[in-house]
Structures are given as structure tokens and as C-alpha cells.
Amino acid sequence: MNKERFNKKIFSRIDNLINDYQLIKENEKIAIALSGGKDSVLTLHALKNYQLNANFDFELVAISVDEGIEAYRQHGIDVAVSNTELLDIPLIQKSFKEEEGFVLDDIYYYFKSACIPCGVFRRNILNKTAYEIGANKIATGHNLDDEIQSFLMSFSRGDTVKFSKFGPELNQIHEKLVPRIKPLWNTPEKEVGIWAILNDIEIHLDECPYSNLSLRAKIKEFLNKTESKHPGTKENVLNSFIKILDVENAHTVLNECEICGQPTSGKICKSCEIKDIVSGNIK
Ligand SMILES: Nc1ncnc2c1ncn2[C@@H]1O[C@H](COP(=O)(O)OP(=O)(O)OP(=O)(O)O)[C@@H](O)[C@H]1O
């Protein structure tokens, strides 16, 4: 496979998505949520490439969150440090321990799945940090496969409210909620892996020790099998969603958490609820 031709193809698709949906505007500060995994590392490289070729100025900064998962997260952080140094992008490092008072390894067993406190705390820390540094948007590494898996999960659960999270850009629905963009929204996961191998990019490849055979894993397996027998299925699923969903206009109204002031759909935010559950168990 020709490396230059492949890089051109993958970066052009990302550039076109940014242009078509105007994901980045002049003078904006974009905070890249950087786990060190292949998707967020590609997002970092692709946005740097876009910045170098753009005819307007914007700023890039990366944020990494250490959840406190022994023998797993440190390598991701090391990868985040080396890639940001290579591309000359500032990196802000945050941790569950310092921001929320707990490491995931010490609290996960209070919950049905470790992904519940992990996702809630991570999103909260990413949003708070981005808001504090005045970032206009948070860019995540969600790719085409992640997106259709999430959509089919919400579909299977009848959770149509989550459909509002579909699309390459999540609009600002509260002053303290930094909008999110997904530059890899139409990039297949397989291509991300090929890009990392072809370019010898340092990435964190380990599976999270808490990921198990979830609904997401089953949907992923089904989609991968179908795609290999019927190439183009994943892209067709994505295109069907675009046709049936009003991506632009789906949104919910948010309040401010009565305890910490962060945006929430209820009275108390999920992060404070989780801290309450953990504190109750520790006492
Ligand atoms: N610890 C973290 N610090 C900063 N951002 C994170 C972290 N974990 C996840 N993210 C963001 O959320 C996105 C989706 O999370 P997911 O759990 O799928 O990531 P991953 O599989 O660990 O890594 P990647 O998606 O980068 O390959 C990531 O692409 C990244 O933008």
C-alpha cells in the first residue's frame, strides 16, 4: 500500500468533513481529548495537518485524563506526551484523583459497570478543563464505527434522547458545556489502524481491563462480520442515519447542578451523584 496516497485519502476525508460542517472557525481554541489510543492520536495529527494548511488561524491544545487504572493508563499518557511534543501542541494532564478525589481502581465495584463512573468523570473533567482554558470546542477521536455502534445501542435500548448526540458536531446547549466535534466521524476504524501502522505512529493499543462483553462489543462484532461479507454496509448505515435524523436540530435543555454548578439534564449532575454513591459506601 502506498503510504503517501493513503495519507492523502485519510487526511482529505477529515479536511472535507471539517470544511463541510465548519467544525473549526477562525481564532477558535480547539481542545483535543487525547487518550493515546489510535483514534485520538490520529485526531491530533489530522488537526495539526489541517492547521498547517488552513488559510485562517486557530489554536490547538490537548487534554489527557488519568482515570487511575493500574498497568493500563500510564502508557496512554506517555504516548500523549510524545505525540504532543512531536507536533508541538501543549498538553494539559488531569486525573480523577486530583479532580474527583478517587481513582477508578478503588471505586469501580460500586457500579454495575466500571464504564459508568469512568465515562461520567472523564466527560466532566474534559468539559471543565476545556471551559476553564476558554476552549471553543472539544475534539474527540470518535470514528465511524463508534458512531454507528452508539446509534444502534441507543436504538436497541429505545433511548431516542441519545439520538441528539449523533453527528459530527454537538451544538452548545448550555453556556458551560463546551461543544464537541468529531473530526473522524466518517473515518472507518480499520483505516485508522492502517494509518498508524503505515506511518509508524506511537499509539497505546492495550484493551482497557474493564471493557467486557458489552452490548457495544456485540454490535461491533455484528457490524464487522456484515461489513466483511457486504462491504459498504457501515457507510450505508451512517448515510441512512443522516437521512432519517434531523442532526442539526436535535437538542435538549440543560440546568445547572445544585451541588457543583455543572450543566445537567436533572437537578444534580451525574458526577455528583457518583461521588455521593462512593462516599456513602466508604463511610
Ligand atoms: N483518558 C482520556 N483522556 C482524554 N480523552 C479521552 C480519554 N479517554 C477517552 N478519551 C476521548 O474519548 C474518545 C472515545 O473514547 P474511547 O474510550 O473510545 O477511547 P480509546 O479507545 O481509549 O482511544 P481512542 O478512541 O483514542 O483510540 C477518545 O477518542 C478520546 O478523544
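Residues numbered from 1 in each chain as written. Predicted model: local features only at pLDDT ≥ 70, side-chain atom pairs only at ≥ 80, totals over all residues. Heavy atoms only, no water.

1. Points about the pairing of strand β2 (residues 59–66)
So, step 1. Of all 8 residues in β2, 6 are buried; the element is thus mostly enclosed.
So, step 2. Bridge count for strand β1 (residues 29–33) against β2 is 5 bridges, and the pairing is parallel. Paired with lysine 29 across the two strands is glutamate 59, which belongs to β2.
So, step 3. Read from β1 through helix α2 (residues 38–53) to β2, the crossover connection turns out right-handed.
So, step 4. Relative to strand β3 (residues 91–95), β2 runs parallel, the two sharing 5 bridges. Bridge pairing in β3 links aspartate 66 to serine 95.
So, step 5. Remark: the β2/helix α3 (residues 73–87)/β3 crossover connection has right-handed handedness. (Buried < 20%, exposed > 50% of the residue type's maximum accessible area, 1.4 Å probe, protein only. Helix = DSSP H or I, 4+ residues; strand = E, 2+ residues; numbered from the N terminus. Pairing = 2+ DSSP bridges. Right-handed = clockwise from strand over helix to strand, strands pointing away.)

2. Focus on unusual backbone geometry
So, step 1. Although it is not a glycine, glutamine 22 sits at a positive phi angle of roughly 45°.
So, step 2. With respect to the helices and strands, glutamine 22 occurs in the loop between α1 (3–20) and β1.
So, step 3. You will see that aspartate 200, though not glycine, has its phi angle at about 55°, which is positive.
So, step 4. Following the sequence through the fold, aspartate 200 ends up in the loop between α8 (189–198) and α9 (215–229).
So, step 5. Judged by relative accessible area, which is 70%, aspartate 200 ranks as exposed.

3. So, the pattern of salt bridges
So, step 1. Considering all chains together, one arrives at 17 salt bridges under this definition.
So, step 2. The residue lysine 29 makes a salt bridge to glutamate 59 at a minimum N-O spacing of 3.9 Å. With lysine 29 in strand β1 and glutamate 59 in strand β2, this residue pair connects regions lying 30 residues apart in the sequence.
So, step 3. By relative accessible area, which is 19% here, lysine 29 ends up buried.
So, step 4. A relative accessible area of 41% places glutamate 59 in the partly exposed class. (Salt bridge = Lys/Arg side-chain N within 4 Å of Asp/Glu carboxyl O.)

4. Remarks on the UniProt feature "binding site: ATP" (unreviewed entry) in the protein chain
So, step 1. As recorded in UniProt, the sites labelled "binding site: ATP" (unreviewed entry) are Ala33, Leu34, Ser35, Asp39, Val65, Gly141 and Asp146.
So, step 2. Tracing the sequence through the fold places glycine 141 in the loop between β4 (137–139) and α7 (144–157).
So, step 3. Residue glycine 141 is classed as buried on the basis of its relative accessible area of 11%.
So, step 4. With near-sequence residues (within four places) excluded, glycine 141 lies in contact with Asp39, Ser40, Thr43, Asp146 and Leu184.
So, step 5. Mapped onto the elements of the fold, aspartate 146 is located in helix α7.
So, step 6. Setting aside chain neighbours within four positions, we find aspartate 146 in contact with Gly141, Glu189 and Arg216. (UniProt positions renumbered as here; feature names shortened; annotations may be inferred. Contact = heavy atoms within 4.5 Å.)

5. Some remarks on the site of the ligand
So, step 1. The local shell around the ligand holds 16 residues, among which Ala33, Asp39, Ser40, Val65 and Glu67 are the closest.
So, step 2. Here an oxygen atom of the ligand sits 3.5 Å away from a polar atom, N or O, in the main chain of glycine 37.
So, step 3. Within the backbone of glycine 141, a nitrogen or oxygen atom sits 3.0 Å from an oxygen atom of the ligand.
So, step 4. Alone, the ligand offers 570 Å² of accessible surface; in the complex the protein occludes 81% of this.
So, step 5. Those elements that provide at least two residues to the shell around the ligand are α2 and β2. (Near = heavy atom within 4 Å. Polar contact = N/O pair within 3.5 Å; in protein donor to acceptor, adjacent residues only side chain to side chain. Areas by Shrake-Rupley, 256 points an atom, 1.4 Å probe, with all protein chains shown as cover.)

6. Remarks on α8
So, step 1. Listed in full, the buried residues belonging to α8 are Glu189, Glu191, Val192, Gly193, Trp195 and Ala196.
So, step 2. Looking at the packing, one finds that the buried side of α8 touches α1, α2, α7 and α9.
So, step 3. One or two steps after α8, the chain reaches aspartate 200, where phi turns positive at roughly 55°.

7. What to know about the nonpolar core
So, step 1. Of all hydrophobic cores here, the largest spans 47 residues; its most connected members are Ile24, Ile30, Leu42, Leu47 and Trp195.
So, step 2. Excluding residues that lie within four positions of it along the chain, leucine 47 makes contacts with Ile18, Ile24, Ile30, Ile32, Phe58, Leu60, Ala139 and Pro183.
So, step 3. Listed in part, the 25 residues of the second largest apolar core include Ile69, Phe96, Ile107 and Phe121. (Core = buried A, V, L, I, M, F, W, Y, C linked by side-chain atoms within 4.5 Å.)

8. Examining the packing of α2 against α8
So, step 1. One way to put it is that α2 packs onto α8 with a least axis distance of 10 Å and a crossing angle of 70°. The angle between α2 and α8 places the two elements in the roughly perpendicular class. The element α2 and its partner α8 pack so that their crossing is left-handed. Contacts from Lys38, Asp39, Val41, Leu42 and His45 of α2 reach α8 at Glu189, Val192, Gly193 and Trp195.
So, step 2. Of the residues in the contact of α2 with α8, the class split is 4 nonpolar, 2 polar and 3 charged. (Axes fitted to C-alpha atoms, helices over the stretch in contact; angles between N-to-C directions. Parallel < 35°, antiparallel > 145°, perpendicular 65-115°, else oblique. Left-handed = near helix turned anticlockwise from the far one by under 90°. Nonpolar A, V, L, I, M, F, W, Y, C, P; charged D, E, K, R; others polar.)

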